[in-house]
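# Close look at the chain arrangement
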Amino acid sequence: MSDIRDDVVEGFEETYGYSPSGIWSAPGRVNLIGEHTDYNLGFVLPFAINRRTIVALGLRDDGILRVASAFADEVAEVEIADLSPERLQGWPAYPLGVAWALAQYGADLAGVPGVDLFIESTVPVGAGLSSSAAIESAVAVALNDVWQLGFDRATLAKVGQLAENKAVGVPTGIMDQSASLLGRGDHAVFLDCRSLESSLVPLGFEEAGLQVLIIDTGVSHSHATGGYAARRASCELGARTLGVPSLRDLTVDDLPRAQQILDDETFRRVRHIITENQRVLDTVIALRETGPHAIGDLLDASHISMRDDFEISIPELDLAVETAQLNGAIGARMTGGGFGGAAIALVPTEGISRIQVAIDGAFAEHGFGQPTMFTVVPSDGAARD
Ligand code: ADP
Ligand code: MG
């Protein structure tokens, strides 16, 4: 990481002409299991990864907030007093939206000093590893510190979510920000998305001789359009029709009744959420009581449910998952919102290269673009560096 820290300081100095006063960072995340359950107020089990978004910050003596990123050319500038979600556009809506959202959660920004931010990242964008939560969380912890706002991590997660929902306009849940802010090395964050209670679950991958391989298909997804919003709408329809506040309130015992009442498509959407919630609970028990070798079948079942019931997979993701499974993975599934992005495979360390070669070969054979593969390590959440 030392290189990227040098880069972010250099980028800051080139952009603003002075040295930053501090550096904060926040990780991307991988969702081990629990997909599309967050906005249904169910359970998720993500972990923070060793890919981070770094923010260098300098204080100003006026009320102006500026943001720049190695990711883009322009420097966005706004008066803190004028922050409003409607006026934010493009990537600056993420960091500036966080500043606006802090005020929505009660921060008094009237007297705070202006700030210059420069952002660098090693989280691939749009790969389902939540570069969005990484940028939101890095900016949230940085501003929380320098403006001395005193918000706890759980509140900062809500701040990031509000920024993404209202300033960016993407209706995502609370999972990504929670993982990025609450993660810990070698642990997953088990989050109840209704109570927002969270606990850390030991993963023990390294001790068990396992690694998590990310297979980024390179097919980029967009949560703002199409499928993601349609799935949310189906879930809301299912809950309404079944007379519950959210699908969280249903269990596998409710499936026969759901099948009778709902149309086939809505039923399959609902079945994914209900069974996925149960798989998250089962995964937590398996990790706590047996260890990571016991979760492979749950990962595999999760993928089938997303492929057939929730219909958010794509052929590239299915091929990555199947090829990993056939070549020695303990378990594999697509991860993230779907319609592109990445799959994860839990793989014995000595089997990684064999799986990579097999996946490269399978993608070439199917005429798909070459996937990017790398391992990730469960890592600590956002921090001042
Ligand atoms: P994901 O979270 O899966 O990577 P999203 O579409 O949710 O994909 O978020 C990606 C968007 O977040 C980018 O298009 C960009 O607007 C913003 N973003 C992420 N990382 C950065 C960064 N380092 N600098 C500027 N904007 C970023
Ligand atoms: Mg995102």
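For the rest of this paragraph, the subject is the overall build of the chain. The number of helices and strands found in the chain is 11 helices and 12 strands. Computed over C-alpha atoms, the radius of gyration of the chain comes to 21 Å, within 12% of the 21 Å expected from 2.2 N^0.38 for 385 residues, which places it in the range of a compact globule. By the burial criterion, 60% of the 385 residues in the chain qualify as buried. Relative to all contacts within the chain whose residues are 6 or more apart in sequence, the contacts with residues 24 or more apart total 72%. Within the chain, the 53 negative side-chain charges are centred at a point lying 6 Å from the centre of the 26 positive side-chain charges.

Residues in contact with ligand 1 amount to 16 residues; listed here are only the nearest, S69, G126, S130, S131 and S132. In this structure, a nitrogen atom belonging to ligand 1 sits 2.7 Å away from a side-chain N or O atom of S69. In the environment of ligand 1, an oxygen atom lies 2.9 Å from a nitrogen or oxygen atom belonging to the side chain of S132. In isolation ligand 1 has 570 Å² of accessible area, and contact with the protein removes 87% of it. Of all the elements in the fold, those that place two or more residues in the shell around ligand 1 are strand 5 (115-121) and helix 3 (131-146). Ranked by the residues each element gives to the shell around ligand 1, the list is headed by helix 3, at three residues. Partitioned by chemical class, the residues of the shell around ligand 1 number eight nonpolar, eight polar and no charged.

Another point: the packing of aromatic side chains. Taken as a whole and assessed by the stated rule, the structure comprises six aromatic pairs. Taking 5.1 Å as the distance between ring centres and 85 degrees as the angle between the ring planes, the aromatic pair formed by F12 and Y18 counts as edge-to-face. By relative accessible area, Y18 is classed as partly exposed at 28%. Aromatic pair F43 and F190: ring centres 5.8 Å apart, planes at 35 degrees, arrangement tilted. Note that F43 is positioned in strand 2 (residues 43-59) and F190 in strand 6 (residues 187-192), a separation of 147 residues in sequence. Per residue, the accessibility class of F43 equals that of F190, and both read buried. Through a chain of ring-to-ring contacts, the aromatic side chains of F12, Y16 and Y18 assemble into a single cluster. One cation-aromatic arrangement involves R51 over F374; the distance from NZ or CZ to the ring centre is 4.2 Å.

Bringing the domain arrangement of the chain into the picture now. Split into domains, the chain comes out as domain 1 (2-202) and domain 2 (210-376). Between the C-alpha centres of domain 1 and domain 2 there is a distance of 26 Å. Counting residues at the interface gives 36 residues for domain 1, matched by 45 residues for domain 2. Surface buried jointly by domain 1 and domain 2 totals about 3,200 Å² across both partners, of which 64% is contributed by carbon and sulfur atoms. Sorting the residues of domain 1 by area buried against domain 2 places I33, E35 and H36 first, and these three jointly supply 20% of that buried surface. Scanning the region where domain 1 abuts domain 2 turns up three salt bridges. Notably, a salt bridge pairs R333 with E35, separated by 2.6 Å at the nearest N-O pair.

Conventions adopted
- Residues numbered from 1 in each chain as written.
- Chains lettered and ligands numbered in written order.
- Predicted model: local features only at pLDDT ≥ 70, side-chain atom pairs only at ≥ 80, totals over all residues.
- Heavy atoms only, no water.
- Helix = DSSP H or I, 4+ residues; strand = E, 2+ residues; numbered from the N terminus.
- Rg over C-alpha atoms; globule rule 2.2 N^0.38 Å.
- Buried < 20%, exposed > 50% of the residue type's maximum accessible area, 1.4 Å probe, protein only.
- Contact = heavy atoms within 4.5 Å.
- Lys, Arg positive; Asp, Glu negative; His and termini not counted.
- Charge placed at Lys NZ, Arg CZ, Asp CG, Glu CD.
- Near = heavy atom within 4 Å.
- Polar contact = N/O pair within 3.5 Å; in protein donor to acceptor, adjacent residues only side chain to side chain.
- Areas by Shrake-Rupley, 256 points an atom, 1.4 Å probe, with all protein chains shown as cover.
- Nonpolar A, V, L, I, M, F, W, Y, C, P; charged D, E, K, R; others polar.
- Phe/Tyr/Trp six-rings, centres within 6.5 Å; stacked < 30°, edge-to-face > 60°.
- Lys NZ or Arg CZ within 6 Å of the ring centre and 35° of its normal.
- Domains from an automatic or database assignment.
- Buried area = accessible area lost by both parts, 1.4 Å probe.
- Salt bridge = Lys/Arg side-chain N within 4 Å of Asp/Glu carboxyl O.

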